[in-house]
Amino acid sequence: MTIGLTGLLLVAGGGALGGMGRLALSNLVARRLGAAFPWGTLAVNLSGALLMGLLAGVLGPSAPGGAGPVWQLLAIGLLGGYTTVSSLSLQTLTLWQQGRTHAALANLLVTLVVGLLALVLGWWLAGGPA
Amino acid sequence: MIAWRAYAAVGVGSALGTSLRYLVSLAMPGIVGPAFPWATLAVNALGSWLIAAFAAYGARRTTGRVARWQPFLVAGFCGGFTTFSLFGLETLRLLEQGRASLALAYVLLSVVLWLAGAWSGHRAGRRAAARA
């Protein structure tokens, strides 16, 4: 297996920008809405899912298989690094450990259901077959 | 921490995490086959374990290296390593291929592994902090 250096650099660069964008948005949202509920991570994952749908719709169905440079930079790097599952898991566990079972369930279900719908919406808006 | 330092730490950590996820996604289909998104399933489960372990350890050892490196390790590395958007896209692709039950299995297995990972990582981090 050969790994292209250009591809790896594109993925890393996109990942750096995505991670910093995630920090910026989650800080902004936490300042506005407070830190009692993980609104920041929710906002990041829902917006990232919508953008991923748009991108997949624009680039076409063959994109993930034949990973071209645009896909490596924007999908695998930028949006892949922007969205996160680790924070979602940790924050859901923390809510549950605080005895806030409903908030924990809501966090998980809203992320999954609205996130997948946002992805389909983005795909549909960009002209993908939905 | 000064704002720009937090951004730099998260940026570098996220670049490393994202690159490692990319390498796993290149290596895994050759090992377990391309029919199911095993690579994303694995990184998301492992990343959930790691973030909870770092957070639990850092919360008890507040002056240690893990606590100081928290932005790099947690929001940076674990945040970039795991991905929700690619998980969603893979689910959509399975649905598009008419493999609805496989898509459902992917979502359910993912959620179970994310939460089990975080729970087990939290315990491991707490135990490691008690020993340190």
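Computed from a predicted structure; not experimentally measured.

1. Let's talk about the nonpolar core
One recurring pattern in soluble globular proteins is that nonpolar side chains are buried together.
Okay, so step 1: In terms of nonpolar packing, the biggest core is built from 32 residues, with A:Met52, A:Trp71, A:Leu112, B:Phe84, B:Phe87 and B:Trp114 touching the most fellow members.
Okay, so step 2: If near-sequence neighbours (up to four positions away) are discounted, A:Leu112 is found in contact with B:Phe84, B:Phe87, B:Val107, B:Val111 and B:Trp114.
Okay, so step 3: Within the second largest apolar cluster, 15 residues are counted, among which are A:Leu93, B:Leu50, B:Ala52 and B:Phe54.

2. Re the UniProt feature "binding site: Na(+)" (unreviewed entry) in chain A
Okay, so step 1: Residues annotated by UniProt as "binding site: Na(+)" (unreviewed entry) correspond here to A:Gly80 and A:Thr83.
Okay, so step 2: Position of A:Gly80 among the secondary structure elements: in helix α3 (residues 69-82).
Okay, so step 3: The exposure class assigned to A:Gly80 is buried, which follows from its relative accessible area of 0%.
Okay, so step 4: Not counting residues up to four positions away in its chain, the partners in contact with A:Gly80 are A:Met52, A:Ala75, B:Arg21, B:Gly80, B:Thr82, B:Thr83, B:Ser85 and B:Leu86.
Okay, so step 5: With respect to the element layout, A:Thr83 can be found in the loop between α3 and α4 (86-97).
Okay, so step 6: Leave out the neighbours within four places in its chain, and A:Thr83 touches A:Arg22, A:Val44, A:Asn45, A:Gly48, A:Ala49, B:Gly79, B:Thr82, B:Thr83, B:Phe84 and B:Ser85.
Okay, so step 7: Separated by 3.3 Å, the side chains of A:Thr83 and B:Thr83 make a polar contact.

3. Looking at the side chain of A:Ser87
Okay, so step 1: As for its position among the elements, A:Ser87 is in helix α4.
Okay, so step 2: Beyond its immediate chain neighbours, meaning those up to four positions away, A:Ser87 contacts A:Thr41 and B:Ile51.

4. Remarks on the interface of chain B and chain A
Okay, so step 1: With 43 residues of chain B in contact, the opposing surface of chain A contributes 51 residues.
Okay, so step 2: For the pairing of chain B and chain A, the buried interface totals around 3,700 Å² over both sides, and the portion due to carbon and sulfur atoms is 76%.
Okay, so step 3: Sorting the residues of chain B by area buried against chain A places B:Tyr7, B:Tyr22 and B:Phe84 first, and these three jointly supply 20% of that buried surface.
Okay, so step 4: Counting across the chain B and chain A interface gives zero salt bridges.
Okay, so step 5: Counting the contacts that link chain B with chain A gives 16 residue pairs in polar contact (both at pLDDT 80 or more).

5. Points about the UniProt feature "binding site: Na(+)" (unreviewed entry) in chain B
Okay, so step 1: Mapped onto the present numbering, the UniProt feature "binding site: Na(+)" (unreviewed entry) falls at B:Gly79 and B:Thr82.
Okay, so step 2: Not counting chain neighbours up to four residues away, the residues in contact with B:Gly79 comprise A:Arg22, A:Gly81, A:Thr83, A:Thr84, A:Ser86 and B:Val74.
Okay, so step 3: Within the element layout of this structure, B:Thr82 appears in the loop between α4 (70-81) and α5 (85-96).
Okay, so step 4: The exposure class of B:Thr82 is buried, given its relative accessible area of 0%.

Conventions used here
Residues numbered from 1 in each chain as written. Chains lettered and ligands numbered in written order. Predicted model: local features only at pLDDT ≥ 70, side-chain atom pairs only at ≥ 80, totals over all residues. Heavy atoms only, no water. Core = buried A, V, L, I, M, F, W, Y, C linked by side-chain atoms within 4.5 Å. Buried < 20%, exposed > 50% of the residue type's maximum accessible area, 1.4 Å probe, protein only. Contact = heavy atoms within 4.5 Å. UniProt positions renumbered as here; feature names shortened; annotations may be inferred. Helix = DSSP H or I, 4+ residues; strand = E, 2+ residues; numbered from the N terminus. Polar contact = N/O pair within 3.5 Å; in protein donor to acceptor, adjacent residues only side chain to side chain. Buried area = accessible area lost by both parts, 1.4 Å probe. Salt bridge = Lys/Arg side-chain N within 4 Å of Asp/Glu carboxyl O.

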